[in-house]
Amino acid sequence: MIKNDLYLKALRGETVERPPVWMMRQAGRYLPEFIALRDKYDFFTRCQTPELAAEITVQPIRRFPLDAAILFSDILVVPQAMGIDFKMKESVGPWLDTPIRTMEQVQNIVTPDVNDTLGYVFDAIELTLQKLDNEIPLIGFAGSPWTILCYCVEGKGSKAFDIAKSFCFQQPEAAHLLLQKITDTTIAYLKRKVEKGVSAVQVFDSWGGMLSPADYQEFSWQYINQIVEALSPLTHVVVFGKGCWFALEDMTMSKASALGVDWTIKPEFARTLTNHTMTLQGNFDPARLHSTPETIKKMVNEMINRFGKDRYIANLGHGILPNVPVENAEAFIRAVVEWKPSTQF
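Nothing here was measured: the structure is a model prediction, and the numbers come from that model.

As for helix H15 (residues 293-307)
With 15 residues, H15 should cover 21 Å at 1.5 Å per step; its first-to-last C-alpha distance of 21 Å lies within 8% of that length. Contacts made by the buried residues of H15 are with helix H14 (267-273), strand S8 (279-284), strand S9 (312-316) and helix H16 (326-337). Positive backbone phi, approximately 90°, marks Gly 308, located one or two places after H15.

In structure tokens, the structure reads:
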């Protein structure tokens, strides 16, 4: 039994004394001990070496009173497993020498046996669970099929992913075949993570907000919902779509246990769109962690009071920025842990 199950209680919609807290990208770039490993090992070596991935996962847990850990990995390990050879290029980010632009390329992409191609992730889960020793839950994750497609077609990061969008609109048959292959691989991948012992999974739709509401339904949500349908009988599924507030009503009709929201939506409006029935996660602007610790505490208290303590997971509205002072990250976490109803305004 997990000793601190506050995160799981929130996912189940149970009454809690305070909301649980964790931070997206908490295992990473802002911690000096992470930077020390980053300087020794390249990015995908860290992802693909179970001992390193487990160590990075628990680094923030040693420092802060977090209510959940999230496995250190990357969304691009899934397309790598499908034979799409992503690299991490210095000062560029994700890089693909030959982007996916034709139906022939899509047809040649394999749907792999995840045990063969992603075994290092599952080994990292085992090692991490040993280190966590049932103190807090471990979260597994994957990118949404649409977000993975964006990188596969664009070949790198982008501000607008115009090439990826044009591919979908000009070659919809190829786009849907690629999306389905990514979806099938992701389902198998997340199912195996659950078998290895993660307590919940999160789907990151980082680029869903690039699409119109109608295109979001066609090219993103229907594939995310396949993942939710497949995983929800096995575990809690959290869906986070950055910039996707327009889809919250549809998401609420799904079997997801929680929905992540970013900082561009008011807590009250998010509650209205989800009919006050859904556990919500978010939505502190990561850049606001550059405020003073005193301001951060005040803003966190206000955020909790506006969302309400129940059916709520305190988090950032996207991943923590690499230049955030460690003491400010701690101020955010401690503000949640120390929150009391008496702090309401």
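Observations concerning the packing of aromatic side chains
Tallying each qualifying case throughout the model produces 14 aromatic pairs. Measuring from ring centre to ring centre gives 5.5 Å for Tyr 216 and Phe 246, while their planes differ by 90°; the resulting arrangement is edge-to-face. Here Tyr 216, found in helix H12 (residues 213-231), pairs with Phe 246, found in the loop between strand S6 (236-241) and helix H13 (248-252); they are 30 residues apart in sequence, far enough to count as distant. For the pair Tyr 216 and Phe 246, one class covers both residues: buried. Taken together through their ring pairs, the aromatic side chains of Phe 34, Phe 43, Phe 44 and Phe 72 make up a single cluster.

Considerations on helix H10 (residues 162-170)
Listed as buried for H10 are Ala 164, Phe 167 and Cys 168. The arc that holds the buried residues of H10, viewed along the axis, is 95°, so those residues lie on one side. In this structure, the buried residues of H10 make contact with helix H6 (103-108), helix H9 (145-154), helix H11 (172-196) and H12.

Notes on the layout of surface pockets
In this structure, the largest pocket spans a volume of roughly 1200 Å³. Considering the residues around the largest pocket, the lining is formed by 35 residues, among which Arg 25, Arg 29, Phe 43, Asp 74 and Met 88 are closest to the centre. The set of elements that each furnish at least two residues to the lining of the largest pocket consists of helix H2 (32-40), helix H3 (43-48), strand S2 (87-89) and strand S3 (93-95). Looking at the lining of the largest pocket residue by residue, the class counts come to 17 nonpolar, 10 polar and eight charged.

Observations concerning the pattern of salt bridges
Enumeration over the complete set of coordinates arrives at 18 salt bridges. The residue Asp 39 makes a salt bridge to Arg 38 at a minimum N-O spacing of 3.6 Å. Given the relative accessible area of 59%, Asp 39 is considered exposed. For Glu 55, the salt bridge goes to Lys 131, with nearest N and O atoms at 3.7 Å.

Quick word on empty space enclosed by the protein
All chains considered together, the criterion is met by one cavity of 30 Å³ or more. One number sums up the size of the largest cavity: a volume of about 50 Å³. Surrounding the largest cavity, Gly 241, Gly 243, Cys 244, Trp 245, Leu 248, Gly 260, Val 261, Asp 262, Thr 264 and Ile 265 form its lining.

Observations regarding the pairing of S6
Of all six residues that make up S6, six are buried, and the element is covered over most of its length. Across the two faces of S6 the burial is the same, with His 236, Val 238 and Phe 240 and Val 237, Val 239 and Gly 241 all buried. Inspection of the sheet shows strand S5 (residues 200-205) paired to S6 by six bridges, in the parallel sense. Residue pairing for S6: Val 201 is matched across the bridge by Val 237. The β-α-β motif built from S5, the intervening H12 and the parallel element S6 has right-handed crossover chirality. Pairing geometry for S6 and strand S7 (residues 258-260), over three bridges, is parallel. Each residue of the ladder has a partner; that of Phe 240, found in S7, is Gly 260.

Overview of the packing of helix H4 (residues 50-63) against helix H8 (residues 119-132)
In contact at an axis separation of 8 Å, H4 and H8 are set at 40° when each is read in the N-to-C sense. Relative to H8, the element H4 lies oblique. Considering only the axes of H4 and H8, their crossing is right-handed. Residues Pro 50, Glu 51, Ala 53, Ala 54, Glu 55, Thr 57, Val 58, Ile 61 and Arg 62 of H4 lie in contact with H8, whose contacting residues are Tyr 120, Asp 123, Ala 124, Leu 127, Thr 128, Lys 131 and Leu 132. For the contact of H4 with H8, the residue count by class is nine nonpolar, two polar and five charged.

Structural notes on the sheet that holds S6
Pairing within the open sheet is parallel, and its seven strands lie in the order S1-S4-S5-S6-S7-S8-S9. With partners counted over all chains shown, the strands left at the sheet margins are strand S1 (69-70) and S9, one partner each. Where S1 lies against strand S4 (residues 138-143), two bridges are found, and the strand directions are parallel. Paired with Ala 69 across the two strands is Leu 138, which belongs to S4. Along the sheet, H12 makes contact with S5 and S6, crossing S5 at roughly 175°.

Calculation criteria
- Residues numbered from 1 in each chain as written.
- Predicted model: local features only at pLDDT ≥ 70, side-chain atom pairs only at ≥ 80, totals over all residues.
- Heavy atoms only, no water.
- Helix = DSSP H or I, 4+ residues; strand = E, 2+ residues; numbered from the N terminus.
- Expected span 1.5 Å × (residues − 1).
- Contact = heavy atoms within 4.5 Å.
- Phe/Tyr/Trp six-rings, centres within 6.5 Å; stacked < 30°, edge-to-face > 60°.
- Buried < 20%, exposed > 50% of the residue type's maximum accessible area, 1.4 Å probe, protein only.
- Arc of directions from axis to C-beta.
- 1 Å grid on protein atoms, 1.4 Å probe; cavity = no way out; pocket = protein on both sides within 12 Å on 5 of 7 lines; lining within 4 Å.
- Points joined across faces, edges and corners; volume = space filled by probe spheres on them.
- Nonpolar A, V, L, I, M, F, W, Y, C, P; charged D, E, K, R; others polar.
- Salt bridge = Lys/Arg side-chain N within 4 Å of Asp/Glu carboxyl O.
- Pairing = 2+ DSSP bridges.
- Right-handed = clockwise from strand over helix to strand, strands pointing away.
- Axes fitted to C-alpha atoms, helices over the stretch in contact; angles between N-to-C directions.
- Parallel < 35°, antiparallel > 145°, perpendicular 65-115°, else oblique.
- Left-handed = near helix turned anticlockwise from the far one by under 90°.

Keep in mind these numbers describe shape, not what the thing actually does.
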